[in-house]
Amino acid sequence: MIEVRNLTKRYGDTTAVRDLSFTVHPGLVTGFLGPNGAGKSTTMRMILGLDRPTGGEALVGGRRYADLDRPLRHVGALLDPAAVHHGRKALDHLLWIAASNGIGRARAVELLEQVGLGGVRHKRIRALSLGMKQRLGVAAALLGDPGVLMFDEPVNGLDPEGVRWIRDLMRALAKEGRTVFVSSHLMSEMALTADHVVIVARGQLVKETPMEALTRHGSLEDAYLELTSGRGL
Amino acid sequence: MKNALAAEWLKLRTVRASWGVVAAIGSMVAAGALLSWLIVQDYDSSPAAEQAKFASADSSVVITPVVQFLVAALGALVATSDPRLTALIAVPDRKRLLAAKTVLVAVTSVVLGAVALALSIGTSRLNMGDRPPPIAPWDGIGDVLPWAGAAVLSILVTGLTGLGLGLAVRSTAVTIVVVGVLLWGLPAITPMLPEPWDVDASAVMVPYLVWEVAGVVEDPPLAPLAAVGVLAMYVLVTLGTGTVTLLRRDA
């Protein structure tokens with residue numbers, strides 16, 4: 001479970017996230033929706049301790065991410081597939097991340113096979129396509145077999161096959177009882193993937209609701225546009 | 001800490017640039033050995049009057065500044081080669097991450113420095129044989145140990161300086177430029193300053209500090225312990241700045 005309580009992040013005079021509170025429950029895919037610049041990535045970075053909140057707190061399983069022992073065994077995250085050393089081989093990339101959390105080599109090899117990268121494990125990352133890099137990032141997130149997974153815009157730049165692969169994976173992970181939290185601004189994709197949605201705009205919570213309740217009277221896109229344009233609620 | 005250190009070691013040895021630095025150090029040792037051999041050949045074919053004016057054939061003196069620079073580049077690589085986002089998701093405890101990087105750079109610097117110095121001094125010794133001073137500046141291993149120890153200490157200092165600067169500026173290129181200025185740029189300028197600043201400023205430059213730490217300079221501006229203190233200040237300032245940056249800034 002992820003709990004975000006009164007989270008605020010200011011950069012000088014600009015407030016990126018303002019007094020944001022919501023909970024992400026296990027067993028569901030929770031979509032984190034909002035326009036570009038709504039504060040989705042900043043919120044995810046604060047949950048992972050990458051950025052310090054100006055106020056409030058974010059807890060994973062009741063603890064701050066930075067306080068978790070071997071955090072990858074609790075949380076897996078894919079925020080930016082390009083945040084890698086492109087000169088390193090795919091398997092070596094997974095191996096150092098695994099080593100940092102006391103995870104063995106066999107798990108890294110197994111995951112590369114699982115995400116369809118077994119054949120390129122000795123290739124340098126710069127030689128991989130965007131879709132392959134996304135898969136590598138997903139493999140890194142799954143290394144510790146965590147109960148909580150976070151994906152930031154995971155289908156950006158993917159071909160239809162890759163989009164379906166990510167969607168099926170997230171659905172399967174949630175079905176196993178894991179907490180799956182995924183940000184996106186692609187409504188059609190979220191409509192197919194998410195069970196629950198948290199919508200933000202201008203750094204503030206607009207709506208937290210089951211998908212079913214939001215789409216009862218129309219498409220997710222219509223409901224989202226109405227809410228984020230300020231005409232809803 | 002053990003896991004973080006294992007990860008840092010894996011990161012370091014799985015990028016080509018690291019092996020490039022090791023190869024460059026090996027090349028410098030080989031070039032130094034060749035230079036030492038050429039000096040000895042020239043010495044042997046020179047008349048006695050000229051032999052008395054020969055410089056030392058100890059190549060470790062020539063290669064040490066280059067090894068200092070290369071190890072500093074390695075320190076910078078440890079600090080900057082991986083996007084901070086990925087590193088901090090894997091090891092969110094920033095103090096632990098910093099400690100792992102510091103231990104890795106310290107150990108690697110000392111090992112690379114000691115091996116380079118040992119090979120360089122060993123090949124120089126073989127080349128010099130039992131020839132007298134000045135081409136052979138020392139009689140036995142006891143004579144060369146203070147210099148070798150000071151050189152390895154300076155290599156440790158430059159490695160940690162590269163790490164600290166890399167953590168502070170988060171750019172390998174900028175770090176390498178700053179290290180180049182510290183190791184070669186400023187020491188070239190300080191002797192041109194008016195007295196007594198020329199001596200005072202030169203005395204705290206890394207290339208001169210090595211000799212002062214070794215205690216082989218007659219009437220040195222700084223005593224060996226004071227010189228060690230100045231070297232420690234290089235680490236304190238750069239690694240301190242890097243630490244504050246890592247601990248306080250968003251990733």
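This text goes with the structure placed above it.
Summary of the structure given here. This structure is a prediction, so every number in the text was calculated from the model and none was measured.

## Things to note about the pairing of strand E5 (residues 75-78) of chain A
Residue and element names in this part refer to chain A. The side-chain alternation of E5 yields two buried faces, one formed by Val-75 and Ala-77 and the other by Gly-76 and Leu-78. Examined bridge by bridge, E5 and strand E6 (residues 148-152) share four bridges and lie parallel to one another. Within the sheet, the bridge partner assigned to Ala-77 lies in E6 and is Met-150.

## Here we look at the sheet that holds strand E2 (residues 14-24) of chain A
Residues and elements named next belong to chain A. Pairing is antiparallel across the open sheet formed by three strands, whose spatial order is E2-E1-E4. Pairing within the sheet leaves two strands with one partner each, and these edge strands are E2 and strand E4 (55-60). Adjacent strand axes in the sheet meet at a mean angle of 20° when their direction is disregarded. When strand E1 (residues 2-11) meets E2, the two strands line up antiparallel, connected through seven bridges. Its bridge partner lying in E2, Tyr-11 is registered against Thr-14. In the packing of helix H1 (residues 40-47) onto the sheet, contacts are made with E1, E2 and E4, and the angle to E1 comes to roughly 115°.

## Concerning the interface of chain B and chain A
Taken residue by residue, the interface counts 22 residues in chain B and 26 residues in chain A. Every element with two or more residues in the side of chain B that touches chain A is listed here: helix H1 (2-13) and helix H5 (84-90) of chain B. A per-element tally of the side of chain B that touches chain A places H1(B) first, with six residues. Looking at side-chain class alone, the side of chain B that touches chain A contains 13 nonpolar, four polar and five charged residues.

## Observations concerning the nonpolar core
The biggest cluster of nonpolar side chains holds 137 residues, and the ones touching the most others in it are Ile47(A), Leu94(A), Ala139(A), Leu143(A), Met150(A) and Leu209(B). Residue contributions to this core peak at 14 residues, all from helix H7 (residues 141-169) of chain B. Beyond its immediate sequence surroundings of up to four residues, Ile47(A) is in contact with Ile2(A), Val4(A), Ala58(A), Val60(A), Tyr65(A) and Met150(A). Grouped together as the second largest cluster of nonpolar side chains are six residues, Val40(B), Met128(B), Ile135(B) and Ala136(B) included.

## Remarks on the packing of helix H4 (residues 60-80) of chain B against helix H8 (residues 172-189) of chain B
Residues and elements named next belong to chain B. Axis separation between H4 and H8 bottoms out at 9 Å; the angle between their running directions is 155°. When the axis of H4 is compared with that of H8, the two are roughly antiparallel. Relative to H8, H4 is oriented so that their crossing is right-handed. Taking contact as the criterion, the partners of Pro-65, Gln-68, Phe-69, Ala-72, Ala-73, Ala-76, Leu-77 and Thr-80 in H4 are, on H8, Thr-172, Thr-175, Ile-176, Val-179, Gly-180 and Leu-183. Here the contact of H4 with H8 is built from residues that sort into nine nonpolar, five polar and no charged.

How each quantity is defined
Residues numbered from 1 in each chain as written. Chains lettered and ligands numbered in written order. Predicted model: local features only at pLDDT ≥ 70, side-chain atom pairs only at ≥ 80, totals over all residues. Buried ≥ 20, exposed ≤ 12 C-beta atoms within 10 Å, placed from the backbone. Helix = DSSP H or I, 4+ residues; strand = E, 2+ residues; numbered from the N terminus. Pairing = 2+ DSSP bridges. Axes fitted to C-alpha atoms, helices over the stretch in contact; angles between N-to-C directions. Contact = placed C-beta atoms within 7 Å. Nonpolar A, V, L, I, M, F, W, Y, C, P; charged D, E, K, R; others polar. Core = buried A, V, L, I, M, F, W, Y, C linked by C-beta atoms within 7 Å. Parallel < 35°, antiparallel > 145°, perpendicular 65-115°, else oblique. Left-handed = near helix turned anticlockwise from the far one by under 90°.

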